[in-house]
Each structure stands twice: as structure tokens, then as C-alpha cells.
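# Descriptive structure summary
Take a look at the letters that make up each chain.
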Amino acid sequence: MKPTLLLLAAASLAPSLAFAQTSDEEAALAAALAADTAEAAAPAPASNDASAGVKLDQAFILDVSAAAFDGERTEGGGHDPAGNGFTLQGLEWAVGSNIDSFFRIDANIVFTLEAIEFEEGYATTTALPLGLQARAGQFLSRFGRANPTHPHSWSFADTPIAVTKMLGEDGSRGLGAELSWLAPTPWYAMAYLSWQTPSDGCCNRAFATVDGPINDASDLYATGRLEQFFELTSDLGLNWGLSAQTGNAARADEETASAGTTTIVGSDLYLRFKPSDSTLRRATALTAEFMHRRRALPGRTLEDDAAYAQFVQVLSPAWEAGARYEWATGNESDPLDPDWTSDRTRASLQATYYPSHFSRLRLQLLADKLPWQTDTTLGGLLALEVIAGAHGAHAY
Amino acid sequence: MKLSHLVLALLLLLPLPASAAVKVVATLPSLAAIAREVGGADATVESMLPPNIDPHFADAKPSLVVTLSRADLLVENGLELEIGWLPALVLQSRNAKLAQGANGRFDASTVVRRLEVPRGAVDRAQGDVHPGGNPHFLYDPRAAAAVARALATRLAAIDPTHAAGYQSRAAAMATELESFGRAQTAAFAALPAANRAVVTYHRSLIYLCDWLGLTSPISVEPRPGVAPNPAHVAKVLAQLKTLPKRVILQEEFYPTSTTSTLARLGSATLISIEGGTRFDKGKRYIDHLRAISAPILAALSR
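Residues numbered from 1 in each chain as written. Chains lettered and ligands numbered in written order. Predicted model: local features only at pLDDT ≥ 70, side-chain atom pairs only at ≥ 80, totals over all residues. Heavy atoms only, no water.

### As for the overall build of chain B
What counts is decided by this rule: Secondary structure elements are defined from DSSP: runs of H or I of at least 4 residues count as helices, runs of E of at least 2 residues count as strands, and each element is numbered from the N terminus. To sort residues, take the accessible area from a 1.4 Å probe on protein chains only and compare it with the maximum for the residue type: under 20% means buried, over 50% means exposed, and anything in between is partly exposed. Note on contacts: a residue pair qualifies if any of its non-hydrogen atoms lie within 4.5 Å across the two residues. Note on charges: Lys and Arg go in the positive column, Asp and Glu in the negative column, and His and the chain ends are not counted at all. For the purpose of locating charges, the reference atoms are NZ of Lys, CZ of Arg, CG of Asp and CD of Glu.
Secondary structure assignment for chain B yields 10 helices and seven strands. The principal-axis extent of the C-alpha atoms belonging to chain B is close to 80 × 40 × 35 Å. With 302 residues in all, chain B has 51% of them scored as buried. The long-range share in chain B, meaning contacts at least 24 apart out of those at least 6 apart in sequence, stands at 67%. Looking at chain B, you have 31 positive and 24 negative side-chain charges, and the mean spots of the two groups are 4 Å apart.

### Structural notes on the packing of aromatic side chains
Residue and element names in this part refer to chain A. Stated formally: Centres within 6.5 Å make a pair out of two Phe, Tyr or Trp rings, where for Trp the six-membered ring is used; the pair is then stacked when the planes are under 30 degrees apart, edge-to-face when over 60, and tilted otherwise.
Scanning all chains against the criterion turns up 11 aromatic pairs over all chains. With a centroid separation of 5.0 Å and 75° between ring planes, the pair formed by Phe-229 and Tyr-396 is classed as edge-to-face. Separated by 167 residues along the polypeptide, Phe-229 in strand 8 (residues 221-231) and Tyr-396 in the segment after strand 16 (377-389) bring together distant segments of the chain. Taken as a pair, Phe-229 and Tyr-396 share a single burial class, namely buried. Residues Trp-340 and Trp-372 carry aromatic rings whose centres are separated by 5.9 Å and whose planes lie at 65° to one another, so their mutual orientation is edge-to-face.

### Things to note about the pattern of salt bridges
Filter applied, for reference: Take a side-chain nitrogen of Lys or Arg and a carboxyl oxygen of Asp or Glu: if they are within 4 Å of each other, that pair is a salt bridge.
Scanning all chains against the criterion turns up 38 salt bridges over all chains. With its nearest N and O atoms 3.2 Å apart, the salt bridge here joins A:Glu320 to A:Arg362. Of this pair, A:Glu320 sits in strand 13 (residues 319-328) while A:Arg362 is found in strand 15 (residues 359-369), placing the two residues 42 residues apart along the sequence. Each of the two residues, A:Glu320 as well as A:Arg362, counts as buried. Of the charged contacts, one joins B:Arg284 and B:Glu176 as a salt bridge, the two residues approaching to 2.5 Å between their closest N and O atoms. Taken together, the positions of B:Arg284 in the loop between strand 7 (269-273) and helix 10 (285-301) and B:Glu176 in helix 6 (residues 163-189) put the pair 108 residues apart, joining distant regions of the chain. You can call B:Glu176 partly exposed: its relative accessible area is 28%. The structure contains a network of salt bridges with shared partners spanning A:Glu75, A:Asp158, A:Arg324, A:Glu326 and A:Arg346.

### Focus on the domain arrangement of chain B
Residues and elements named next belong to chain B. Note the threshold: For each domain, the first and last residues come from an automatic or database assignment. Put simply, buried area is the surface a 1.4 Å probe can reach on two separate parts but cannot reach once they are joined, added for both. Within 3.5 Å is the distance limit for a polar contact, defined as a pair of N or O atoms, with the added protein rule that one can donate a hydrogen and the other accept it, and that residues adjacent in sequence qualify only through two side-chain atoms. Here the nonpolar group is Ala, Val, Leu, Ile, Met, Phe, Trp, Tyr, Cys and Pro; Asp, Glu, Lys and Arg are the charged ones; every other residue, Gly included, is treated as polar.
Domain assignment breaks chain B into domain 1 (19-111 + 128-178) and domain 2 (184-301). The gap between the C-alpha centroids of domain 1 and domain 2 is 27 Å. With 29 residues of domain 1 at the interface, the matching set in domain 2 holds 32 residues. For the pair domain 1 and domain 2, the two sides together bury roughly 2,500 Å², of which 57% comes from carbon and sulfur. Where domain 1 touches domain 2, the interface holds three salt bridges. Note that Glu-37 and Arg-284 form a salt bridge whose closest N and O atoms lie 2.6 Å from each other. Counting across the interface, domain 1 meets domain 2 through 12 residue pairs in polar contact (both at pLDDT 80 or more). Taken together, the elements giving at least two residues each to the side of domain 1 that touches domain 2 come down to helix 2 (29-39), strand 2 (43-47), helix 5 (141-158) and helix 6. Looking at which element gives the most residues to the side of domain 1 that touches domain 2, the answer is helix 2, with seven residues. When grouped by side-chain class, the residues that make up the side of domain 1 that touches domain 2 number 15 nonpolar, six polar and eight charged.

### Regarding the sheet that holds strand 7 of chain B
Residues and elements named next belong to chain B. In plain terms, the rule: For two strands to count as paired, DSSP must find a minimum of two bridges between them. Every axis in this analysis is a line fitted to C-alpha atoms, fitted for helices over the stretch in contact. Angles between the N-to-C directions lie between 0 and 180 degrees.
On the basis of which strands lie adjacent, the open sheet formed by three strands has the order 5-6-7 and parallel pairing. Edge positions in the sheet fall to strand 5 (199-200) and strand 7, since each has one partner strand and no second. Sheet analysis places strand 6 (residues 247-251) next to strand 7, joined by five bridges and oriented parallel. Note that in strand 7 the partner of Gln-250 across the bridge is Ser-272. Contacts from helix 9 (residues 257-265) reach strand 6 and strand 7 within the one sheet, and its direction differs from that of strand 6 by about 170°.

### Overview of a nonpolar patch on the surface
Residues and elements named next belong to chain A. For the record, the criterion: Residues with no salt bridge and a relative accessible area higher than 30% make up the patches, which join like charges within 9 Å and nonpolar side chains (Val, Leu, Ile, Met, Phe, Trp, Tyr) within 5 Å. For the accessible areas, the method is Shrake-Rupley and the probe is 1.4 Å, while residue cover comes only from the protein chains on display.
Together, Leu-315, Trp-319, Leu-349, Tyr-353, Leu-361, Leu-363, Leu-365, Leu-382, Leu-384 and Val-386 give the surface a local cluster of nonpolar side chains, amounting to about 870 Å² of exposed area. Elements with a contribution of two residues or more to the nonpolar patch: strand 14 (344-356), strand 15 and strand 16. Checked against the element boundaries, Leu-363 lands in strand 15.

### Let's talk about the packing of helix 5 of chain B against helix 6 of chain B
Residues and elements named next belong to chain B. For clarity, the cut-off: For classification purposes, angles smaller than 35 degrees are called roughly parallel, those larger than 145 roughly antiparallel, those between 65 and 115 roughly perpendicular, and all remaining angles oblique.
Relative orientation of the contacting elements helix 5 and helix 6 amounts to 175°, with a least axis distance of 8 Å. Judged by the inter-axis angle, helix 5 sits roughly antiparallel to helix 6. Of the residues in helix 6, those touching helix 5 at Pro-141, Ala-144, Ala-145, Ala-148, Arg-149, Ala-152, Thr-153, Leu-155 and Ala-156 are Ala-163, Tyr-166, Gln-167, Ala-170, Met-173, Ala-174, Leu-177, Glu-178 and Gly-181. Partitioned by chemical class, the residues of the contact of helix 5 with helix 6 number 13 nonpolar, three polar and two charged.

### Focus: the interface of chain A and chain B
Contacts between the two partners involve 47 residues from chain A, matched on the other side by 36 residues from chain B. Taken together, both faces of the contact between chain A and chain B bury some 3,400 Å²; the carbon and sulfur share is 63%. At the junction of chain A and chain B, the tally comes to three salt bridges. The partner of A:Lys274 in a salt bridge is B:Asp59, and the shortest N-O contact between them spans 3.8 Å. Seen at the junction of chain A and chain B, the total is 11 residue pairs in polar contact (both at pLDDT 80 or more). Looking at side-chain class alone, the side of chain A that touches chain B contains 23 nonpolar, 18 polar and six charged residues.

### Brief notes about the sheet that holds strand 4 (residues 105-107) of chain B
Residues and elements named next belong to chain B. With parallel pairing, four strands are arranged side by side in an open sheet as 2-1-3-4. Strands with a single pairing partner mark the edges of an open sheet, and in this sheet they are strand 2 and strand 4. Recorded for the sheet is a direction-independent mean angle of 20° between the axes of neighbouring strands. Looking at chain direction, strand 1 (residues 22-26) and strand 3 (residues 73-76) are connected through three bridges and run parallel. Opposite Val-24, over in strand 3, you have Leu-73 as the bridge partner. Along the sheet, helix 2 contacts strand 1, strand 2 and strand 3; its crossing angle with strand 2, the most-contacted strand, is approximately 170°.

Here it is as C-alpha cells:
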């Protein structure tokens, strides 16, 4: 680091107090701090109830559904209704707590009938200067609008095709670290940058996974995102995100030549109108998300696109309705989706009833035009979600 | 890098001098109005919510992250009233001054007398019950007086230079509120006891009833946060008809179809309660209380 940069960094971190002390006072304070630090380092008395009084927020969120399709099951998400009949989409255990004045912890562990899935578990800093914040652990990558969210904050009972095709059946997540920066602008502008190990199987399907320790930094995938929010009026807000991901491309099992790079770029918009004078808490939300993926495979480059747009109307505290249209392109000889050779489109309608703030029943109808089938598949989903405990606030 | 650029960069990064006004951000407009009166010219105050929004269900707008990131002091209601939107905003603001337990975080509920503190475990089958007690104490001037005094102490700790100003303004405000509160209590006490029963919509008006000596034998919501159902509304109507003075109190952000019908069928007066101080219109907190108590007294005195 250049000396000027070091000087700048040191100056920005130094408390203002230091500039007001004489050298004698500084020496006395330094000696007192050293003495206190030594005392504080002494082992604390043993306690059988160390957690007494510590606030640990936790919740259980159960998602269970029934589904019927008139053809092949069309859902691609790891926690989507699995086919005709009943599905335990997941029992999510969400916990979170402040650790000390520097960190907090959050974890989401999902139980299914077959497995226990460690979806997320990360520590977040709370006291870094200059608008910075860091996360470390296993977490959903901040790519786009849908990927970093869990099913209970979705407006539909299944995962968007854009997420399952371009990122993975459980989206994009991995073990790694993230740095984010709240820009000192008059409006909300947040930049994220992370490096993560691609998770095998569930996620990051377009990136090469590594068994065991990584060889070098290029085995990680990087995600960047810039998110901005514009308060157009007190009732109307627009959130706009730009995302990009890059890493080593996944290649077909039978291929031995090394692959190049996978790059995914995307943009998402969220427009929300919530009139403050609506006693029925009415709100209208329009979400649109687009992704473009480019993979350099041995001897060829594959490119594809996916997008969705959805409209959700909150009619009252008890009722909500929505519509979604999705589209995704395909390629000939794509090792990830060999049958997906042309465009796929899906249209969905949903109506949701909330008996209370902690339970909901959602009916969803869909029409899916699959590239590998001549007829459109029709389906119906009925999804129940119940929440017990103190679940944290949702993002905008 | 030129020397002049280096000096400029250093100046930009240095902490601001302590003479700047304390930046206070309050979650609710009534808390903002109290803070503005206590802070005077020594503080700038912003409210995160407008007055006509139900604070249980506010949006966690990202613009509020920016507001919080620049705050020296966050004044919150507490008792989990803001739990659905505030914690994520504070975390994203990455403002260490606002950490729980820090001087920059003021939880007003810690300095007031709490009502309806549940005994034993809380069960959601009881409705949206707050485990620490009913959080709607800002309808009681006695609670607000306690908040003003405690807030002055906190502001003085953050900005000792202006401590005397904070303390004197808070003392004046508390005295005015307590005097107004006593006068209103006496005015309502002068009514016949049977006239001091009202129907409320949500269990959010118990502090108001406690202050004014009113009783609320039944609420339109069967349980806190649970929408009224036909069987319960029929029970409410029957109860309403037994009251000598038929008055329904409802905060402005709740739906009025049911209560309007109840008022029509029961020949009752429906009074809309201001959800919060019109802070954005420059109103004082005591104006908010006057706007609430005057129509109730008039309706019960007829």
C-alpha cells in the first residue's frame, strides 16, 4: 500500500479524541487501556447458563404443498412441489442473534424428508467504518432479486425458471466472503462483491466445482452487484439492481479438455406502489428480472437468456393475487440441459389467503410450454405455509 | 498525489467537529415530535414513518437505510412494534452508533409504565400479542413526559455542550404534558361513570383509556391483529347497544367498513383517532393529544 493511502486509512479510522490529547495524557490513557485489556483477558468464571438473557431470534417455517400436472412435472427448483401429490417443500429453521458489538450471526437450516440442508450460516459485521460491511460463511449470492431470498418471501409457490436454469435448482450459494459498501450518495446505492466456492449439486450449475481444497483463486466464483433505490413519491419506490457472476465454466462429464469461463449478467427492477392512505394496506408490485449467460466450453461457446416479469396485487391484509410470465432460451448440445434446445415459456396465476400474518394458503395455476414436449403442460399447486417464532424483517 | 489533494482528502475523512446539531431519527412521528421539542435548535429530527401508516406493517424502504446511516441517535418505540422492518434497516445502515445498548439507540418503552404485559408464555393463538407488553403507550401524555425527560438525558450524554438546553426543554414539555393530562383526566372523570365506556377497534388504545379513565368492554377485532368475523361483530353490536353513550374509537389506518356499519346499526358515533402526530405539518405532540381527546369528550358529553 502506498504511504499516502495508508495515511488516509489511518486518519479515517482514528477517533477524534486522539487529536485533542497531550502526549502525557495519551501515554496515561494507553497505560490504563493496556492494564484493562490484561485484566479483561483473565478467564471468566465458569457458568452453566452462559446464554441466559441473550436474545436469540428463531423461527420454524413449514412449507407443504399438493400439486397436479397433466403431463411431466415442470418444476425445477429444489424446494418446489415435486410432482403429482404432496411435497414437503421444507421445514426451515431460521435463527439469528447479535454476537457482540462487532458481529451478528444468521443461519437457515432446511429439513426435508430426505436430508438436512445447510442453506445459509454466516456472520455479518456491524461496526466497520466508511459504510462497509462484511459477511463470511455459507450464504446465497447477491445475484438478482429472487436468488438471495427464501421461499417464505416469494410471491409464487415455485422458483423462477431464470433462477433454476441459469443458477441452479437452489440458486447460487456457496461458502465464502462478501464485502459491501453503502455509497455516501443522497439516494440508496449499495455495492456488493463476493468470492465463494461453488456448491456441488444444488447450486451454481454453470460453474465448475472442486472436490476438496481449491487450487487457486480462480476456482472460486465472484459475484458483484450494484443496487439502487429511488423514492419516486412517498408511495412509489423503484429498486434497480445490476448483477454479474464469473468463474470457471462447468464442462460435461465426458469432456476432458479444460473449459473457459462462465459469465452471467443480469438486471432486475422492482416497482412498488403502496398508498399510505389505504386502510386495507393495498399494494401493487411489479418485478422484472433478466439474465444472460455465456459459457466457454471446450470447442464452443454457449449463450442463453432467461427472464420473468410478475405482477402482484395486495388486495387486503387477507388477500393477494398475482400473475407471472417467464421465458428462457435453449441451445443445441448443451451438456447442462440436453433437451432444452429452444425457448421455454411459462405463465402462472396465484391467489393467496392469509388467515393471519403468520400463515398463508396459496393456489397457483400454471401453463408450461416445454421445449421437449409438443403439448403445453398444465398444473395446479396448493401451498400452505405457517411460521412459528420470531422471524426477522424482510428486505424491501 | 499532489499535496493539496492529500490535505483535502484528509479533511474529508476527519470526523466532523462536535458543534454540529445532533442528527436524530425517530421511527414514529410522535417520537419525532417529542425529540424535536426536546432537541430544539441543537438537534435535527426526521421521522421514518408518516403519521397515517400502521407502524406494525411499514415497508423497509432502502431510502431509510441512508437516513439511519447518518443518524447520531435512533429513537424507537420498542416492545417489538417495529420488529417487522426496523432491524434489517439498522443492520444495513452499518452505523455502529445505533447498536443495541449504544448511546445512539434509545428505546422509549424502557422508560414508561407498560400495560398488558403477558403473564407466562405468549401463544400466537391469542393473536398478535407483544411479549414485552402493549406497545401503544404514545397515546398517554404521562408516558410521553417520561420519554421526553429520558430523551433529554440521552441527548445530554451524546452532546454534553447543550445538556442544559435539552434538560430545560424536556422539563417544560413534561410539565405541560402532565398538566394537560391531569386536566383531561379530570374532565372525563366529571362524566357519569356509565358514560365512560367505549368500543375500540384494536387493543392499541388501552393507554388512552387508562389515561382518560375509559373502559373498553370489547374490541372489534376478536383478538389483536385478527380481522373481525361476523359472529364476533354481532357480539360487538349487542354490547355497543348496551352502552349509554355509544362511541367507537378507531385509529385512522384501520379499515372502516365494519365500524361504519356498526355505527349505523348501533346509532353510535365513530371517531377516527390520529395514528400519529402530524410531525410533517409542524404539529406538536400535544396537538396530537388534543385532536384525540376533544372529540371523545364531546361525544361522551352529549
